[in-house]
Amino acid sequence: MEWTDSGFVLRARPFSDSSVILELMTRGHGRFAAMFKGGASKTKAALIQPGNAVTATWKARLGDQLGFFACVELDEAHGARAGADGPGLYCLAALTGLLAQGAPERSPLPLVFEASETVLRHVDAADFWPALLARWEGAFLANLGYGLDLSACAATGTATDLCYVSPRSGRAVSRDAGAPYHDKLLALPAFLIDADAVIALGDVGAAFALFGFFLERRVFDPSGFGLPPARGRMIEHLARTGRL
Amino acid sequence: MRSLGPELERLVELLAKLPGLGPRSARRAALYLLKRADGLMLPLAESLKVAAERIAPCARCGNLDTMSPCSLCAVPNRDDSLLCVVEEVADLWALERAGAFRGRYHVLGGALSALDGVRPEDLRLAGLIERVKTGAVREVILALGATIDGQTTAHYVTDQLTGLGVRVTRLAQGLPFGAELNVMDDGTLMAAFAARRDM
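Please read these numbers as outputs of a predicted model, since none were measured by experiment.

### Things to note about the overall build of chain A
What chain A contains, in helices and strands, is eight helices and eight strands. What you see for chain A is a C-alpha radius of gyration of 19 Å, in line with the 18 Å of a compact globule of 244 residues. C-alpha extents for chain A along the principal axes are approximately 60 × 40 × 30 Å. The buried share of chain A, reckoned over its 244 residues, is 51%. Put simply, 56% of the contacts in chain A that link residues at least 6 apart link residues at least 24 apart.

### Comments concerning the interface of chain A and chain B
Much of the literature gives interface size as the accessible area that the parts lose upon coming together. In this assembly, 28 residues from chain A lie in contact with 23 residues from chain B. Both sides of the chain A and chain B interface together cover about 2,000 Å² of buried area, and 63% of this is carbon and sulfur. The largest share of the area that chain A buries against chain B comes from A:L89, A:Y90 and A:R233, three residues that together contribute 27% of it. The salt bridge involving B:D159 is made with A:R240; its shortest N-O contact spans 3.0 Å. At the boundary of chain A with chain B, the tally comes to seven residue pairs in polar contact (both at pLDDT 80 or more). Taken together, the elements giving at least two residues each to the side of chain A that touches chain B come down to β1 (2–14), α2 (78–84), α3 (86–102) and α8 (229–240) of chain A. The element that contributes the greatest number of residues to the side of chain A that touches chain B is α3(A), accounting for nine residues.

### A closer look at the packing of aromatic side chains
Given two aromatic rings, one states the distance between the centres and the angle between the planes to describe the pair. Residue and element names in this part refer to chain A. A full pass over the atoms with the stated rule returns nine aromatic pairs over all chains. With centroids separated by 4.9 Å and ring planes inclined at 15°, the aromatic side chains of W136 and F140 adopt a geometry described as stacked. Of this pair, W136 and F140 both sit in helix α5 (residues 129–146), four residues apart, roughly one helical turn. Per residue, the accessibility class of W136 equals that of F140, and both read buried. Through successive ring pairs, a cluster of aromatic residues spans W3, F32, W58 and F69. The ring centre of F68 lies 4.6 Å from the NZ or CZ of K37, which sits over that ring.

### Describing helix α7 (residues 203–220) of chain A
For α7(A), with 18 residues, the first-to-last C-alpha span of 24 Å sits near the 26 Å given by 1.5 Å per residue. Of all 18 residues in α7(A), 13 are buried, a share of seventy percent or more.

### Brief notes about the domain arrangement of chain B
Here chain B is partitioned into domain 1 (6–54) and domain 2 (78–170). The centre of domain 1 of chain B, based on its C-alpha atoms, is set 35 Å off from the matching centre of domain 2 of chain B.

### Structural notes on the pattern of salt bridges
By the definition in use, this model includes 19 salt bridges over all chains. Across the salt bridge formed by A:R171 and A:D149, the nearest N and O atoms sit 3.7 Å from each other. Pair noted here: A:R171 is in the loop between β6 (162–165) and β7 (172–174) and A:D149 is in the loop between α5 and β6, with a separation of 22 residues, a long-range link. The exposure class of A:D149 is partly exposed, given its relative accessible area of 29%. A salt bridge links B:R167 to B:E139; its shortest N-O distance comes to 3.4 Å.

### Concerning unusual backbone geometry
For the bond running from B:S68 to B:P69, omega is 0°, close enough to zero to count as cis. When you line up the elements, B:P69 lands in the loop between β2 (64–65) and α4 (71–74). Even without a glycine there, the phi angle at A:R106 is positive, about 55°. Looking at the secondary structure, you find A:R106 in the loop between α3 and α4 (110–121). Classification of A:R106 by relative accessible area gives partly exposed; the value is 30%. Although it is not a glycine, A:D161 adopts a positive phi angle of roughly 55°. Within the fold, A:D161 resides in the loop between α5 and β6.

Conventions used here
Residues numbered from 1 in each chain as written. Chains lettered and ligands numbered in written order. Predicted model: local features only at pLDDT ≥ 70, side-chain atom pairs only at ≥ 80, totals over all residues. Heavy atoms only, no water. Helix = DSSP H or I, 4+ residues; strand = E, 2+ residues; numbered from the N terminus. Rg over C-alpha atoms; globule rule 2.2 N^0.38 Å. Buried < 20%, exposed > 50% of the residue type's maximum accessible area, 1.4 Å probe, protein only. Contact = heavy atoms within 4.5 Å. Buried area = accessible area lost by both parts, 1.4 Å probe. Salt bridge = Lys/Arg side-chain N within 4 Å of Asp/Glu carboxyl O. Polar contact = N/O pair within 3.5 Å; in protein donor to acceptor, adjacent residues only side chain to side chain. Phe/Tyr/Trp six-rings, centres within 6.5 Å; stacked < 30°, edge-to-face > 60°. Lys NZ or Arg CZ within 6 Å of the ring centre and 35° of its normal. Expected span 1.5 Å × (residues − 1). Domains from an automatic or database assignment.

See below:
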């Protein structure tokens with residue numbers, strides 16, 4: 001068995017003095033871990049930093065074996081770009097943490113991969129990535145099969161003035177229908193349903209609260225993990241710097 | 001391994017747990033030690049015993065020493081206004097070898113790692129904040145690894161120290177001394193360009 005695919009580094013765990021288990025998020029093979037011989041060497045350290053876009057060749061005798069990455073080449077050093085811009089590191093850690101713990105292994109998620117690439121390309125744009133990452137969380141949920149239905153009000157069927165989401169059904173609720181249950185519903189910021197909407201102060205925080213609720217309930221709690229702590233630190237940082 | 005006696009087998013098994021040693025090199029090391037029992041093996045055993053019993057992390061900075069505060073914290077002729085934060089004791093030793101720093105140290109005990117589950121509570125961050133609040137520190141120098149985890153930790157520490165009235169700096173990143181440009185990785189070149197300065 002052999003394939004070559006593009007991907008980005010999620011993590012590298014020590015395996016022996018010279019090798020690591022390298023975990024990539026690949027375009028066509030999903031989250032994929034395999035041995036990378038020589039990966040523990042100092043010369044490979046910069047290559048296998050989380051977030052770096054790479055092209056990797058995987059080989060094994062059988063498809064269900066761990067196998068090894070015979071060749072890993074750097075395409076773009078997103079990790080270093082994030083490192084040059086401090087806040088971008090929070091974004092990178094949250095993104096890789098969510099994927100490493102939440103994405104199923106060896107199951108392709110091409111749309112999530114493409115959305116992740118978009119986030120990584122903007123990881124050094126501090127004003128841009130928080131909203132982008134919030135949207136990415138929505139796409140991640142949807143591609144895992146837990147998408148929210150934000151197209152129409154669950155109570156009245158109207159597609160206008162949607163500003164809540166029901167925590168039970170994950171469906172949108174209009175302002176009028178949701179008003180009596182205001183305290184029990186989750187806020188739905190306008191930029192999640194209208195790409196042209198202006199992102200107001202508090203919208204990004206509301207989006208993270210909305211998707212965080214469903215990610216925790218539907219993805220991370222059932223798998224025995226909580227939400228990755230890196231996501232909490234990212235939100236804490238955004239709150240402290242007034243960018244939520 | 002059954003051909004060895006139980007004592008020798010145990011010795012080889014323990015040596016093989018050391019970094020860089022596998023079973024084969026552990027057997028070689030065991031034979032080497034046995035041939036030099038008086039000159040090397042017994043002094044080594046004694047030294048290991050003393051180290052295990054007496055060496056502990058310094059309550060103030062986290063350095064390893066036989067006393068607490070450690071010899072670096074206790075020595076009076078270092079600059080109390082400069083505090084250098086490192087990930088591990090090995091990093092502190094490297095800086096001391098270079099002789100480039102004459103202030104105080106603080107060993108965090110690792111770096112935040114989203115994927116390995118290292119959280120702020122796992123690091124000696126509370127001790128650092130306490131030292132900054134109560135001590136005479138004017139500048140905190142973050143000498144953390146140029147890895148994603150190291151830099152994430154640096155920014156987290158910076159966030160925690162914001163508002164405490166202390167200058168926070170980090171070590172420069174870029175080309176290592178003696179390096180050729182054509183063998184440098186993209187990340188190092190990017191960092192070097194970002195940190196360029198006037199001649």
